[in-house]
Amino acid sequence: MKFKNIAFLSTFSTYLKDKRKTLFLCFSIFFIVVFLLLSFYVVDSSPKSWDLLVSQELQEDPSALLDVLMKGFSWLGTVYVAAVMVVVFSLVFWIFKYTKEALFVLSCLLSGGVSYALKMLIDRPRPTTDFVRIVEETHYQSFPSGHVLFYTAFFATLIVIAISSRILKLSWKLMISSICAAMIILGAVSRIYLGAHWFTDVIGGFIVGVLFVMFTGSIYLRSKKKQIK
């Protein structure tokens, strides 16, 4: 009876592992397909009806204070500031001997290269004053949003680290995850409010960011499991 129970537990454990792999593969394929469809949808460069609708709603009641706040949220995603944030967080983890976490955070620097390559490939122009209020002048192409891609990659990385931590209490995990999720949302909203991106650009950046963290996060979590074993 004892051997039967051990065999059952072993089989069930294998099933769960396979199921996780299947779910990971399914979600990966889903996000890739959605991104490809969205890319083909926006490639003709003309603003879409829902792009215009979201931009008009977010820019409906502008104010000097709101301009400053949105610029502040957006500023965190600029190239140099983003690079400094990544390096500082990586150094903090490394100083406290969390090498895997340091490398996981440092991998977020790669998101900039991914963003640039996709922008050049898809080549969608930025929103213009014919359609939206331009609060912040921007460079390079529009799709996907590099800011949102970075925000998703960086803050989702911190969420994965927090949730998988064995030393943080549940309350701390929830607080860190909530703050990071809010930063992703506010970063996305700021890009549309400032007239730097269309709604579809933001969605594209979010999808690629999620795929990025799914890949880097799976490597990080597997390395943690091997360390525990």
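Rules behind the numbers
- Residues numbered from 1 in each chain as written.
- Predicted model: local features only at pLDDT ≥ 70, side-chain atom pairs only at ≥ 80, totals over all residues.
- Heavy atoms only, no water.
- Axes fitted to C-alpha atoms, helices over the stretch in contact; angles between N-to-C directions.
- Helix = DSSP H or I, 4+ residues; strand = E, 2+ residues; numbered from the N terminus.
- Parallel < 35°, antiparallel > 145°, perpendicular 65-115°, else oblique.
- Contact = heavy atoms within 4.5 Å.
- Nonpolar A, V, L, I, M, F, W, Y, C, P; charged D, E, K, R; others polar.
- UniProt positions renumbered as here; feature names shortened; annotations may be inferred.
- 1 Å grid on protein atoms, 1.4 Å probe; cavity = no way out; pocket = protein on both sides within 12 Å on 5 of 7 lines; lining within 4 Å.
- Points joined across faces, edges and corners; volume = space filled by probe spheres on them.
- Salt bridge = Lys/Arg side-chain N within 4 Å of Asp/Glu carboxyl O.
- Buried < 20%, exposed > 50% of the residue type's maximum accessible area, 1.4 Å probe, protein only.
- Arc of directions from axis to C-beta.

- Labelled according to an unreviewed UniProt entry, the protein appears under the name Phosphatase PAP2 family protein, originating from Chryseobacterium muglaense.

**Considering the packing of helix α2 (residues 49-58) against helix α8 (residues 170-193)**
Here is step 1 of the chain: Running from N to C, α2 and α8 cross one another at 95 degrees; their axes reach a closest spacing of 9 Å. Classified by the angle their axes make, α2 and α8 are roughly perpendicular. Taken together, the residues of α8 that come into contact with α2 (itself represented by Val 54, Ser 55 and Leu 58) are Val 189, Ile 192 and Tyr 193.
Here is step 2 of the chain: Of the residues that constitute the contact of α2 with α8, the class distribution is five nonpolar, one polar and no charged.

**Comments concerning unusual backbone geometry**
Here is step 1 of the chain: For the bond running from Phe 143 to Pro 144, omega is -5 degrees, close enough to zero to count as cis.
Here is step 2 of the chain: Its place among the elements puts Pro 144 in the loop between α6 (110-122) and α7 (146-164).
Here is step 3 of the chain: Here Lys 97, not a glycine, exhibits a phi torsion of approximately 70 degrees, which is positive.
Here is step 4 of the chain: Position of Lys 97 relative to the elements: it lies in the loop between α4 (79-95) and α5 (99-106).

**A few points about the UniProt feature "transmembrane region" (unreviewed entry) in the protein**
Here is step 1 of the chain: Using the residue numbers shown here, the UniProt feature "transmembrane region" (unreviewed entry) corresponds to residues 21-43, 73-96, 103-122, 148-168, 175-196 and 202-221.
Here is step 2 of the chain: With 85% helix and 0% strand, the stretch residues 103-122 has end C-alpha atoms that lie 30 Å from each other.
Here is step 3 of the chain: Within residues 202-221, the helical portion is 100% and the strand portion 0%, while the C-alpha atoms at the span's ends are 27 Å from each other.

**Some thoughts on the layout of surface pockets**
Here is step 1 of the chain: By volume, the second largest pocket amounts to about 630 Å³.
Here is step 2 of the chain: Lining the second largest pocket we find 24 residues, and of these Gly 77, Thr 78, Val 79, Tyr 140 and His 147 sit closest to its centre.
Here is step 3 of the chain: Taken together, the elements giving at least two residues each to the lining of the second largest pocket come down to α4, α6 and α7.
Here is step 4 of the chain: When residues in the lining of the second largest pocket are grouped by element, the largest group, five residues, is from α6.
Here is step 5 of the chain: Of the residues belonging to the lining of the second largest pocket, the class tally is nine nonpolar, ten polar and five charged.

**Concerning the pattern of salt bridges**
Here is step 1 of the chain: Overall, the coordinates contain three salt bridges when judged by the stated rule.
Here is step 2 of the chain: Where Arg 124 meets Asp 51, a salt bridge forms, and the shortest distance between an N and an O atom there is 3.1 Å. Pair noted here: Arg 124 is in the loop between α6 and α7 and Asp 51 is in helix α2, with a separation of 73 residues, a long-range link.
Here is step 3 of the chain: For Arg 124, a relative accessible area of 1% translates into the label buried.
Here is step 4 of the chain: Take Asp 51: its relative accessible area is 0%, and that puts it in the buried class.
Here is step 5 of the chain: Of the charged contacts in the structure, one is a salt bridge between Asp 67 and Arg 133, with a shortest N-O distance of 2.6 Å. Separated by 66 residues along the polypeptide, Asp 67 in helix α3 (residues 64-75) and Arg 133 in the loop between α6 and α7 bring together distant segments of the chain.

**Some words on the environment of Thr 128**
Here is step 1 of the chain: One can find Thr 128 in the loop between α6 and α7.
Here is step 2 of the chain: Taking relative accessible area as the criterion, Thr 128 reaches 35% and is therefore assigned partly exposed.
Here is step 3 of the chain: Distance in space between the C-alpha atoms of Thr 128 and Gly 195 is 7.9 Å, their sequence separation being 67 residues.

**Points about α5**
Every α-helical turn comprises 3.6 residues, leaving residues that sit three or four positions apart pointing alike.
Here is step 1 of the chain: Every buried residue of α5 is accounted for by Glu 101, Ala 102, Phe 104 and Val 105. Along the axis of α5, the buried residues cluster in a sector spanning 165 degrees; they form a single face.

**Topic: the environment of Leu 221**
Here is step 1 of the chain: Among the structural elements, Leu 221 can be located in helix α9 (residues 199-228).
Here is step 2 of the chain: For Leu 221, a relative accessible area of 34% corresponds to the partly exposed category.
Here is step 3 of the chain: Along the backbone, Leu 221 and Val 160 are 61 residues apart, and their C-alpha atoms lie at a distance of 8.8 Å.
Here is step 4 of the chain: Ignoring sequence-local partners within four residues, the contact set of Leu 221 consists of Val 160 and Ser 164.

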